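Residues per chain, in single letters:
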Amino acid sequence: MTIDPQKLLNFRIPAVRQTVTPRDAAFYALSIGMGRDPTDLAQLPFVDPLRGPVAMPGMALVLASPGFWLGHPDSGVDPVSVLHAGQSMVLLGPVPATGEVESTTRVTHIVDKGAGKAALIFTETNIRDDRGTCFACLERTIFIRGGGGFGGEGEAPRSSPVPLAEGNAGLVIDLTTGPEQALIYRLNGDLNPLHSDPAIAARAGYRMPILHGLGTMGIIVHAILRGRLGYQAERLRAVQLRFAAPVFPGETIRTEIWNNGAFRASVLERDVIVADQGFFTISQDEGDAVS
């Protein structure tokens, strides 16, 4: 269904306030699969409020979430046509495990790929702490199947070049997902039924409900923390990626990480790339190749 860009631009995406508690921080970490090894002491500060609390950097992706606002009838978008195409996260300060946070989200660009083709929606979310300081900026690319043909611009905004993933990866991290992963993850605030209802997933062309794109990204962020940072969460500065294919709950996500900060992820069971054009930056430390 062709989207109505004016209706979309007029739609008021709600600003959201959230009181973050240690329980929220632990729940997010558990929702992306941390804690599966009960003997891994490095993960305990993230999943046990008595040991932390320490917030996973990826938690910024769900804090004060406006939820699946494109599912609202006033957005003018068919919710079944919505796919998460890309995401970036820039951390300007530590992600709080306690306190008040507030998010504001706006549509920045709408791209028309042509009649019978897709539309792309670009949004920006800024998240502030209880002092009004912005600690995270999120940019999302949303793919609307069949949403084109409204006569808009056909070019996406330019982004910075991403370092290439060439040769063999320096690190390979495999992390499993559980069959209940999407059902748990959606309790972070994204209740899109594509991730829970088999009938709606079938209408969208999937054999079963799929894992949220941000759930996949959270698992990739976990792999980066584990492989490159020794769980020093405060050193992660930014992550960006393109979602290439969905993950089905129960699959194993393999993250390949290059020394220049490039990465990609695949699922072992189907040998399919699920995230590419990935890049992360970290604070410089002795011996690091990425800054």
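This is a predicted model, so every value here is computed, not measured. (Residues numbered from 1 in each chain as written. Predicted model: local features only at pLDDT ≥ 70, side-chain atom pairs only at ≥ 80, totals over all residues. Heavy atoms only, no water.)

Asker: What should I look at first to understand the packing of aromatic side chains in this one?
Answerer: Pairs of aromatic rings are described using the distance from one ring centre to the other and the angle between the two planes. Counting across every chain of the model gives 4 aromatic pairs. Their ring planes at 65 degrees and their centres at 6.4 Å tell us that Y28 and Y185 sit as a pair that is edge-to-face. With a gap of 157 residues between them, Y28 in helix α2 (residues 22-31) and Y185 in helix α4 (residues 181-185) connect regions that are remote in the sequence. With a centroid separation of 6.0 Å and 50 degrees between ring planes, the pair formed by F46 and Y231 is classed as tilted. Here F46 is found in helix α3 (residues 44-47), whereas its partner Y231 is found in the loop between α6 (213-228) and β7 (236-243), with 185 residues between them in sequence. Above the face of the F248 ring, R207 is positioned so that its terminal group lies 4.1 Å from the ring centre. (Phe/Tyr/Trp six-rings, centres within 6.5 Å; stacked < 30°, edge-to-face > 60°. Helix = DSSP H or I, 4+ residues; strand = E, 2+ residues; numbered from the N terminus. Lys NZ or Arg CZ within 6 Å of the ring centre and 35° of its normal.)

Asker: Which parts of the structure should I look at to understand the UniProt feature "domain: MaoC-like" (unreviewed entry) in the protein?
Answerer: UniProt's feature table lists "domain: MaoC-like" (unreviewed entry) at residues 173-261, given in the numbering used throughout. Annotated as 30% helix and 20% strand, the span residues 173-261 places its first and last C-alpha atoms 14 Å apart. (UniProt positions renumbered as here; feature names shortened; annotations may be inferred.)

Asker: Got a minute to help me understand the sheet that holds strand β5 (residues 134-144) in this structure?
Answerer: Whether parallel or antiparallel, the strands of a sheet pair through hydrogen bonds between backbone atoms. The strand order across the open sheet formed by 10 strands is β1-β3-β4-β5-β2-β7-β10-β9-β8-β6, and the pairing between neighbours is antiparallel. Each having just a single partner strand, β1 (16-20) and β6 (171-176) make up the two edges of the open sheet. Mean inter-strand twist for the sheet, computed between neighbouring axes without regard to direction, equals 20 degrees. The sheet contact formed by β1 and strand β3 (residues 99-112) spans 5 bridges and is antiparallel. Its bridge partner lying in β3, V20 is registered against G99. (Pairing = 2+ DSSP bridges. Axes fitted to C-alpha atoms, helices over the stretch in contact; angles between N-to-C directions.)

Asker: Any chance you could explain the pattern of salt bridges here in plain terms?
Answerer: When charged atoms on two side chains of opposite charge get close, those side chains can pair. If you walk through the whole model with that rule in mind, you get 8 salt bridges. In this structure, the salt-bridge partner of D174 is R254, at a minimum N-O distance of 2.7 Å. Here R254 lies in strand β8 (residues 252-257) and D174 lies in strand β6, a separation of 80 residues in the sequence. Notably, a salt bridge pairs R242 with D276, separated by 2.8 Å at the nearest N-O pair. One end of the pair, R242, is in strand β7; the other, D276, is in strand β10 (residues 272-282), with 34 residues separating them in the sequence. Residue D276 is classed as buried on the basis of its relative accessible area of 18%. Salt bridges here are not isolated pairs; linked through shared partners, they connect R17, E100 and E102. (Salt bridge = Lys/Arg side-chain N within 4 Å of Asp/Glu carboxyl O. Buried < 20%, exposed > 50% of the residue type's maximum accessible area, 1.4 Å probe, protein only.)

Asker: For this particular structure, what's the right way to read α2?
Answerer: Since the α-helix turns once every 3.6 residues, residues separated by three or four places project in the same direction. Of the positions making up α2, those classed as buried are A25, A26, Y28, A29 and S31. Its buried side turned inward, α2 meets α3, α4 and α6. Two residues or fewer after α2 comes G33, characterised by a positive phi angle close to 95 degrees. (Contact = heavy atoms within 4.5 Å.)

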